[in-house]
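Close look at the chain arrangement
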Amino acid sequence: NYFNIGTVYGISKELGVSDTDFLSALKTYTPPPHRLEYAGKFNEIDFYDDSISTISETCINAIKFVPNIATILIGGMDRGIDYTQLEDFLISDSIENVIFMEASGKRIYNQLDKRGQLSLRFKLVENLEEAVELAKVLTPKNKACVMSPAAASYGIFKDFEQRGEFFKKLISE
């Protein structure tokens, strides 16, 4: 997000847009859905939908960006991509709850096990429904839960938009 803002700011300066006009426009900007979108507060937990996240870097950035994050939901279709960067980050980060789901989540979980790095904060469930249900129990009040799967949705959902809408439905139940 910061990179994108910086890029647009640079372009706006080239086009002669004043700082005042740029800041005014930025304050009214609403990001597209499913891109680290604030999905709402339910049972005193803030939920974020980052369904567009299909690689390690976007998941890592979500963990770094969201204030008061306590829980992250990771996993989807397993395309066989390398998750070493995400595994290393999760090992070194102090996020309280990491809930792995679906095929890629299971693979990451198993890789952490092979590396001898499993801890009580890592949980494995079958699917998004179970992940949200567990997140509602594990996430402390006034903290945040983010779905940033670092994986494609295909084979489970039609696309990332459908996955994001299903996540929003689940959190509000």
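Details of the structure are given in the entry above.
The notes below deal with the structure included here. (Residues numbered from 1 in each chain as written. Predicted model: local features only at pLDDT ≥ 70, side-chain atom pairs only at ≥ 80, totals over all residues. Heavy atoms only, no water.)

**Things to note about the side chain of threonine 139**
What counts here: In DSSP terms, a helix is any run of H or I states spanning at least four residues, a strand is any run of E spanning at least two, and both are numbered starting from the N terminus. Each polar contact in these results corresponds to two N or O atoms within 3.5 Å; when the atoms are within protein, one needs to be able to donate a hydrogen and the other to accept it, and residues that are neighboring in sequence are counted only if both atoms are side-chain atoms. The contact definition used throughout considers only heavy atoms, calling two residues in contact when any of these lie within 4.5 Å.
Residue placement: threonine 139 occurs in the loop between α6 (128–138) and β6 (144–147). Side-chain polar atoms of threonine 139 contact the backbone oxygen of alanine 135, separated by 2.7 Å. Every residue in contact with threonine 139, bar those within four places of it in the chain, is listed here: Ile45, Ala70, Thr71, Asn97, Ala144 and Cys145.

**Section: the environment of methionine 77**
Which entries qualify depends on this criterion: Note on exposure labels: buried denotes an accessible area under 20% of the residue type's maximum, exposed denotes more than 50%, and partly exposed covers the range between, all computed with a 1.4 Å probe on protein chains only.
Here methionine 77 shows up in the loop between β3 (69–74) and α4 (84–92). With a relative accessible area of 29%, methionine 77 lands in the partly exposed category. The spacing of methionine 77 and serine 153 is 76 residues in sequence and 5.6 Å in space, taken between C-alpha atoms.

**A word on empty space enclosed by the protein**
Heads up, the rule is: Using protein atoms alone on a 1 Å grid, points that fit a 1.4 Å probe yet trap it form a cavity, whereas open point sets bounded by protein on both sides within 12 Å along at least five of seven lines form a pocket; residues with an atom within 4 Å of a point count as lining. Grid points are joined across faces, edges and corners, and a volume is the space filled by probe spheres set on the points. Amino acids outside the nonpolar list (Ala, Val, Leu, Ile, Met, Phe, Trp, Tyr, Cys, Pro) and the charged list (Asp, Glu, Lys, Arg) are all regarded as polar, and Gly is one of them.
Evaluation of the coordinates by the stated rule reveals one cavity of 30 Å³ or more. Together, Gly75, Gly76, Met101, Glu102, Leu128, Ala152, Ser153, Ile156, Phe157 and Arg163 line the largest cavity. Among the residues forming the lining of the largest cavity, the class breakdown is five nonpolar, three polar and two charged.

**A few points about the packing of α6 against helix α7 (residues 160–171)**
Formally: Between N-to-C directions, angles span 0 to 180 degrees; the directions come from axes that are lines fitted to C-alpha atoms, helices contributing only their stretch in contact. An angle counts as roughly parallel when it lies under 35 degrees, as roughly antiparallel when it exceeds 145, as roughly perpendicular when it falls between 65 and 115, and as oblique in every other case. Crossings are classed by handedness, with left-handed meaning an anticlockwise turn of the near helix from the far one by less than a right angle and right-handed meaning a clockwise turn.
Close contact between α6 and α7 brings their axes to 10 Å; oriented N to C, the two are set at 40°. Of the possible angle classes, the one that applies to α6 and α7 is oblique. Once α6 is placed against α7, the crossing between them reads as right-handed. Across the interface between the two elements, Leu128, Glu129, Val132 and Lys136 from α6 touch Arg163, Phe166, Phe167, Leu170 and Ile171 from α7. Split into classes, the residues belonging to the contact of α6 with α7 amount to six nonpolar, no polar and three charged.

**Describing the pattern of salt bridges**
Inclusion rule: A pairing counts as a salt bridge when a side-chain nitrogen of Lys or Arg comes within 4 Å of a carboxyl oxygen of Asp or Glu.
Enumeration over the complete set of coordinates arrives at nine salt bridges. Linking aspartate 88 and arginine 115 is a salt bridge whose minimum nitrogen-to-oxygen distance equals 2.5 Å. Taken together, the positions of aspartate 88 in helix α4 and arginine 115 in the loop between α5 (102–114) and β5 (122–124) put the pair 27 residues apart, joining distant regions of the chain. Judged by its relative accessible area of 36%, aspartate 88 is partly exposed. We classify arginine 115 as partly exposed; its relative accessible area is 36%. Notably, a salt bridge pairs lysine 143 with glutamate 96, separated by 3.9 Å at the nearest N-O pair. Here the residue lysine 143 occupies a position in the loop between α6 and β6, and glutamate 96 occupies one in the loop between α4 and β4 (97–100), the gap between them amounting to 47 residues. In this structure, a network of salt bridges that share partners links the residues Glu37, Glu165 and Lys168.

**A closer look at a nonpolar patch on the surface**
We apply this condition: Put simply, a patch holds well-exposed residues, over 30% relative accessible area, that have no salt bridge, with like charges counted together within 9 Å and Val, Leu, Ile, Met, Phe, Trp or Tyr side chains within 5 Å. Under the convention used here, a 1.4 Å probe and the Shrake-Rupley method define accessible areas, while residue burial counts only the protein chains that appear.
Together, Tyr2, Ile5, Leu23, Leu26, Tyr29 and Phe65 make up a nonpolar patch on the protein surface, roughly 620 Å² of accessible area in all. With respect to the helices and strands, the residue isoleucine 5 is situated in helix α1 (residues 2–14).

**Quick look at the sheet that holds β3**
Applicable threshold: Any two strands between which DSSP finds at least two bridges are classified as paired.
What the six strands build is an open sheet, ordered β1-β2-β6-β3-β4-β5; its pairing is mixed. Unpaired on one side and paired on the other, β1 (37–42) and β5 mark the two borders of the sheet. Averaged over all neighbouring strand pairs, the angle between strand axes comes to 20°, with direction disregarded. Running at roughly 165° to β3, helix α3 (residues 56–65) makes contact with β3 and β6 of the sheet. The sheet strands contacting α7 are β1, β2 (45–49), β3 and β6, and the helix crosses β2 at an angle near 170°.

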